[in-house]
Amino acid sequence: MDDPEGSKERQTHLPDEPPEGPLPPASMRQAPPRAQPRRDSTPPDEVRRPSVLDALRQSETTLHEVGKVAERLSVVLGRSDAHHLVRQIVISFVAGLTLALMVAVVFAGGALKLVLGILAGTCAAALAMFCALRVVSKLAARFGAKKLPGSPWLWVSAVLLAALGGTAAFGIKAWEVAETAGALRIRSGPEAHAKAATESESKASSTTERADATMKRGSHIGLERGVLYAPASFESADGQFDLVLHFHGNTDLVEQSVASAKLNALVAIINVGDGAEPYSKALQNPYTFDRMLTTIERRAEKQLHLEHAQIRRIALSAWSAGFASVGRILSSRSQLDRVDAVLLLDSPHAKFAPFSETEVYPPSLENFANFARRAVAGRKLMVITHSAIETEGYPSTTLTTDALLAQLSLKRTAVTGNASPPPVDIPVAKRAFPDGERNWLNVVSQAHEKDFYLYGCTGKLKGDHIAHLAQMSVTVLPLLRDRWQPATEASSGKTRVPRAVDALGASPATDRSR
């Protein structure tokens, strides 16, 4: 009974279940030992968790271990244990690329150039990361014993980020260079125009046969959604030509207006339907505009027989709903640089601000405002005429142009006296008006700063709206003709002086001897 060592052993190894049989008397049972309070030699206020920097300083790896991680991530074929990893990498790459392309198609409206750019960028990034990993594994095999602070994954992640960042920077720079190269195809500065005109004249004098020697003047040919017209007075000694791209309007009326204004340019008239939406969708893909210009050059050479046909300067013209196509073109920086002039006839329209039916939403005018600022600076030409027609659901041309002037810090001034443009004597223009509504333009306000012109007219009827198209030969086209005509005509020896226009119809008589 008195076996102290046996008793200690029984207390130390207690059974999970009570033993069978009667329990020993209570006097022989020993109470369990009391738990002693734990003492810590470190005061509570001095205990602190190690920081990330401390952990980084305490952790250590070798270049050999970093190389092994890089090799596992970059292995493609030849190892049995790498099959699962390769499959995961391929699936992730394909899924990420598909998602990127879907997002690009949604936001860019099917922009082929942007989609191909994202595809090339994704492939380049994957290739750069793979090459970086292989380089690290090769270096590790050479300097494997070198010790480094931190974990292997930290160093591999840093290498991948550096490779990805370098690829992104190179891609952005390459994109900017490509955009700039496209923009330089057609220059829009006045000095560049004068230089091009001088070179054209010198080239014409040095050659025996002109590029327009066998050209079919006074005729038009078909385009995908319109026609291309060559006025009877059109001339081009070396094949370079100016182009007026007009959206929305009677084809015969636009052709005869260009001929009446004696504008030495080809004109393409595009009609895609009624309302702004069809015109917006037709040019929502930036590649469409470039393809349209390429088509015009080819058909001018093959069907109009203009040798070495090449576009020199571009003017975008639009009546009514056609402004939506112009806005789409101006949304691209490279295309905005290619355009030298914008002519808007009783347009543009914008959008109302959220929860408002009187305030114009500024971002909806951003494309036109960017071009207008260049015109105010004298680098572009912009001419706007508008009526007083009221609209529902969207701002009228009056509200829209008021908002545009506010962004340009310009103000309207009232026009007094006989400052309205004269009526036109073009038969198709006269027939364009509804019966009893042949209302010629009546200018009552204007805003002018350098090469920016805006004219507000009276009228709230359909005939008042049509008048802006019918009288384009005496409103917007003369301003474009004066901008594009060379300062000196070598053939006639006459020097032309650009006229200063204070209001439509208030300019001095011009030389019509061309």
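Residues numbered from 1 in each chain as written. Predicted model: local features only at pLDDT ≥ 70, side-chain atom pairs only at ≥ 80, totals over all residues. Heavy atoms only, no water.

### With respect to the nonpolar core
Stage number 1. Among the nonpolar cores identified, the biggest contains 58 residues, and Leu228, Phe247, Leu266, Leu316, Met382 and Phe452 are the most heavily contacted of them.
Stage number 2. The element best represented in this core is helix H13 (residues 366-376), accounting for six residues.
Stage number 3. What leucine 316 contacts, discounting residues up to four positions off in sequence, is Leu245, Phe247, Phe289, Val326, Ile329, Leu330, Val339, Ala341, Val342 and Leu343.
Stage number 4. Counting residues in hydrophobic clusters, the runner-up holds 40 residues, among them Val415, Leu441, Cys457 and Met472. (Core = buried A, V, L, I, M, F, W, Y, C linked by side-chain atoms within 4.5 Å. Buried < 20%, exposed > 50% of the residue type's maximum accessible area, 1.4 Å probe, protein only. Helix = DSSP H or I, 4+ residues; strand = E, 2+ residues; numbered from the N terminus. Contact = heavy atoms within 4.5 Å.)

### A word on the side chain of serine 387
Stage number 1. Looking at where serine 387 falls in the secondary structure, it is placed in the loop between strand S9 (381-386) and helix H14 (397-408).
Stage number 2. Looking at serine 387, its side chain comes within polar contact range of the main-chain nitrogen of isoleucine 389, at 3.4 Å.
Stage number 3. For serine 387, the contacting residues outside a window of four places in its chain are Asp346, Thr397, Thr398, Cys457, Thr458, Gly459 and His468. (Polar contact = N/O pair within 3.5 Å; in protein donor to acceptor, adjacent residues only side chain to side chain.)

### So, the sheet that holds strand S10 (residues 413-414)
Stage number 1. With respect to topology, ten strands assemble into an open sheet ordered S3-S4-S6-S5-S7-S8-S9-S12-S11-S10, the strand pairing being mixed. Each edge of the sheet is formed by a strand with only one pairing partner; in this case those strands are strand S3 (219-222) and S10.
Stage number 2. Contacting S3, strand S4 (226-230), strand S5 (240-247) and strand S6 (266-270), helix H8 (residues 251-260) crosses the sheet at an angle of about 160 degrees to S6. (Pairing = 2+ DSSP bridges. Axes fitted to C-alpha atoms, helices over the stretch in contact; angles between N-to-C directions.)

### Some thoughts on H13
Stage number 1. Within the span of H13, buried status applies to Phe368, Ala369, Phe371, Ala372, Arg374, Ala375 and Val376.
Stage number 2. Positive phi shows up at glycine 378, right after H13, with a value of about 90 degrees.

### So, the pairing of S3
Stage number 1. Where S3 meets S4, four bridges bridge the pair, whose relative direction is antiparallel. Note on S4: the bridge partner recorded for glycine 222 is valine 227.
Stage number 2. If you look at the hairpin formed by S3 and S4, you'll find three residues sitting between the two strands.

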